[in-house]
Amino acid sequence: MKTLIIFFITFSITMAQTSEISNLYEDYGNYYEKKITKRWFNQHELLYVLDAYNNSQFFRMEQIGKSFQGREIRSYTYGNGPVKILAWSQMHGDEPTATMAIADIMNFLVTNDKYNDFRRFLAERSTIIFIPMLNPDGARLFRRRNAQDIDINRDALRLQAPESRILKEIHRKIKPDFGFNLHDQSPNNTAGKTNRTTALAFLAPAYNSERQINTVRGNAMAVICSINEELQKYIPGHVARYDDEFEERAFGDNFSKWGTSTILIESGGWTGDEDKQYLRKLNFISLLKAFGVIAEGTFHNKDYQPYDEIPENKRLLFDLLLTKINTKFEKENYKIDIGINFERVPDTASGRIFFKGIIEDIGDLGKYYGHQELSCENCYLEPGRFLPEEIAGADEYFRLNYSEALQNGILFANVLDISGIPDYPEFPIVPVASGIGFIPEIRTGLPANFIITSNGKTRFVVINGFLFNPLMGDVNLKNNIFVTK
Ligand SMILES: [Zn+2]
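From a predicted model like this one, the values you see are computed outputs, not experimental measurements. (Residues numbered from 1 in each chain as written. Predicted model: local features only at pLDDT ≥ 70, side-chain atom pairs only at ≥ 80, totals over all residues.)

**What about the overall build of the protein?**
And then number 1: In terms of helices and strands, the protein carries twelve helices and 21 strands.
And then number 2: Over its C-alpha trace the protein gives a radius of gyration of 26 Å, about what one expects of a compact globule, namely 23 Å for 485 residues.
And then number 3: By residue count, 47% of the 485 residues in the protein fall in the buried class.
And then number 4: For the protein, the proportion of contacts with a sequence separation of at least 24, taken over those separated by at least 6, is 75%. (Helix = DSSP H or I, 4+ residues; strand = E, 2+ residues; numbered from the N terminus. Rg over C-alpha atoms; globule rule 2.2 N^0.38 Å. Buried ≥ 20, exposed ≤ 12 C-beta atoms within 10 Å, placed from the backbone. Contact = placed C-beta atoms within 7 Å.)

See the structure below:
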């Protein structure tokens, strides 16, 4: 009888927490950490958020070491349960989405509301250790690597970076049952051979080159299946399975090898979500769902076969794809597709990320898709033209009637004194320093500046990768053009 009652209680808690997770999608706004709203923030801004939890009854804060440049790295531990979960984010400095989600989850865990049963359940069953922003030196510059220019995620064996030693040491100390390795990937990845952006990609990393599946890896796969079931309700068809080739130097693969069921989450892209705020919410849902499943122990009996049915993570999207445009080279006429991608360039002076539109590929791109696509069947590709007269400097440059210029296919202006024009002028004419002999070319690896004509008229212009119809009035001044000096 006693056994039956315990069983019944356990069962009802399990049911309660599973249904609660679904409501969390609606209630997320209550936990969104409003002090961070953009994808580029430095450690200073993050610590301002985290400091609020230093003396919380729910968290134990620990300084677990310092980055190469001496920035403090902290862990925050929630709960006292037997199952140990370690979640670290931003070992790559320019991959901050999950760091924002961890801030939201910490906010959630200390709130007092209708989810208290779920919170208690997590605290009793599991111990969750968060390391938000493992690579603060890289984060400051919004770049992948640490201050030594080492990729921390290729340093799990040699441990030459202090950040790597911190992660290895915490693994040795707590021997986590589960590890969450939290990253960002390109927004141009697709879920399978489709035009659907991968919002989130998951991987249960291999522990050997044969990619065998033992209990440790199988458990990670089972948890991923549960997360995927939840996510399909909100983003059907936008979840992918990350390539499982064994990388002997990576932390995820070594965590698997060292006996921790490891789950890699890669935040990819979502249309119109440049600052990844929706992906941040999906991370919040995914992680809490996973913590719930782990605390419940339901992964033990779960079939992990559906893991293989999650579509593979592919790279089939360009930011802009122009198809079947007529072009000419050395008097030969032919048709090409052009794929253009934006590089995101951080500017430490302004703290902003600027776009740089680069021609990535030319030729038959029939198997690819574009976030933005334009069929150019009856159109011609031409290099942008120069303003006929040279202009004196910045004042004159910013006074140019760009609308009229663009309608005439003019994308470039020779500027006598270019010094007053910033590197990111946010003005849709490319300034060129007079006398440098710059000739516009349409080639892979070069900035995408050209015009699209038909019947001798300019139909569209592409400036720094941004596509405009110059007859449609104002161009979007968000575009940022690099001065050709
Ligand atoms: Zn990464």
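Additional details are given in the paragraphs that follow.
**Here we look at unusual backbone geometry**
And then number 1: Unusually for a residue other than glycine, D149 sits at a positive phi of about 70°.
And then number 2: Position of D149 among the secondary structure elements: in the loop between α5 (136–141) and α6 (162–174).
And then number 3: C-beta crowding within 10 Å serves as the criterion here: with 10 such atoms nearby, D149 is assigned to the exposed category.
And then number 4: A positive phi angle, near 50°, is found at E330, a position not held by glycine.
And then number 5: By the element assignment, E330 lies in the loop between β11 (317–329) and β12 (332–347).

**Observations concerning the sheet that holds strand β4 (residues 126–131)**
And then number 1: Within the open sheet, the eight strands sit side by side as β1-β2-β4-β3-β5-β9-β7-β8. Their pairing is mixed. Two strands in the sheet have a free side with no partner beyond their single neighbour: β1 (59–66) and β8 (239–241). The sheet shows a mean angle of 20° between the axes of neighbouring strands, direction not considered.
And then number 2: As defined by bridge partners, strand β3 (residues 83–89) adjoins β4 across six bridges and the pair is classed as parallel. The residue bridging V83 from the neighbouring strand is S126, located in β4.
And then number 3: Contacts from α6 reach β1, β2 (72–78), β3 and β4, with the element oriented near 135° to β1. (Pairing = 2+ DSSP bridges. Axes fitted to C-alpha atoms, helices over the stretch in contact; angles between N-to-C directions.)

**Quick word on the packing of helix α3 (residues 97–110) against helix α9 (residues 277–296)**
And then number 1: It is the contact of α3 with α9, at a shortest axis distance of 8 Å, that shows an interaxial angle of 60°. The orientation of α3 relative to α9 falls into the category oblique. Of the two possible hands of crossing, α3 and α9 adopt the one that is right-handed. Two secondary-structure elements touch here, α3 through T97, A98, M100, A101, D104 and I105 and α9 through L279, R280, N283, F284, L287 and L288.
And then number 2: Residue composition of the contact of α3 with α9, by class: eight nonpolar, two polar and two charged. (Parallel < 35°, antiparallel > 145°, perpendicular 65-115°, else oblique. Left-handed = near helix turned anticlockwise from the far one by under 90°. Nonpolar A, V, L, I, M, F, W, Y, C, P; charged D, E, K, R; others polar.)

**Let's talk about the sheet that holds strand β16 (residues 385–386)**
And then number 1: Strands sit in the order β16-β17-β18 across an open sheet of three strands; the sheet is parallel. Where the open sheet ends on each side, the last strands, each with one partner, are β16 and β18 (430–433).
And then number 2: Examined bridge by bridge, strand β17 (residues 410–415) and β18 share four bridges and lie parallel to one another. Each bridged residue has a counterpart across the sheet, and for A413 the counterpart in β18 is P431.

**Side note on helix α2 (residues 43–50)**
And then number 1: Residues of α2 that are buried include every one of Q43, L46, V49 and L50, and no others. For α2, the angular spread of the buried residues around the axis is 115°, confining them to a single face. Structural note: α2 exposes H44 and Y48 on the side pointing more than 90 degrees away from its buried face.
And then number 2: Contacts from the buried residues of α2 go to β2, α3 and α5. (Arc of directions from axis to C-beta.)

**Here's the deal with the packing of helix α7 (residues 215–232) against α9**
And then number 1: Running from amino to carboxyl end, α7 crosses α9 at an angle of 135°, the nearest separation of the two axes being 9 Å. With respect to their mutual orientation, α7 and α9 come out oblique. Considering only the axes of α7 and α9, their crossing is right-handed. Listed contacts from α9 to V223, S226, I227, E230 and L231 of α7 are L282, I285, S286, K289, A290, V293 and I294.
And then number 2: Split by residue class, the contact of α7 with α9 holds eight nonpolar, two polar and two charged.

**So, the pairing of strand β7 (residues 200–203)**
And then number 1: Of the two faces of β7, both are covered, the one formed by L200 and F202 as well as the one formed by A201 and L203.
And then number 2: Pairing geometry for β7 and β8, over three bridges, is parallel. Bridge pairing in β8 places A201 opposite A240.
And then number 3: Handedness of the crossover joining β7 and β8 through α7: right-handed.
And then number 4: Bridging between β7 and strand β9 (residues 261–267) involves four bridges; their strand directions are antiparallel. Its bridge partner being in β9, L200 is matched across the sheet by S267. (Right-handed = clockwise from strand over helix to strand, strands pointing away.)

**Considerations on the domain arrangement of the protein**
And then number 1: Taken domain by domain, the protein holds domain 1 (2–314) and domain 2 (317–472).
And then number 2: Using C-alpha coordinates to define each centre, domain 1 is positioned 40 Å away from domain 2.
And then number 3: Contact residues are listed per partner, giving eight residues for domain 1 and ten residues for domain 2.
And then number 4: Among the residues making up the side of domain 1 that touches domain 2, the classes are represented as three nonpolar, five polar and no charged. (Domains from an automatic or database assignment.)

**With respect to α6**
And then number 1: An ideal rise of 1.5 Å per residue puts 18 Å on 13 residues; α6 measures up with 18 Å between its terminal C-alpha atoms.
And then number 2: If you check which residues of α6 are buried, you get P162, E163, S164, I166, L167, I170 and H171.
And then number 3: Packing partners of the buried residues in α6 comprise β1, β2, β3 and α8 (251–257).
And then number 4: Immediately beyond the C-terminal end of α6, within one or two residues, lies K175, with a positive phi of roughly 45°. (Expected span 1.5 Å × (residues − 1).)

**With respect to the environment of A98**
And then number 1: When you line up the elements, A98 lands in helix α3.
And then number 2: The buried category is assigned to A98, around which 31 C-beta atoms lie within 10 Å.
And then number 3: Sequence separation between A98 and F284 is 186 residues; the distance between their C-alpha atoms is 8.0 Å.
And then number 4: Apart from the residues lying within four places of it in its own chain, the contact partners of A98 are S89, L182, I265, S267 and N283.

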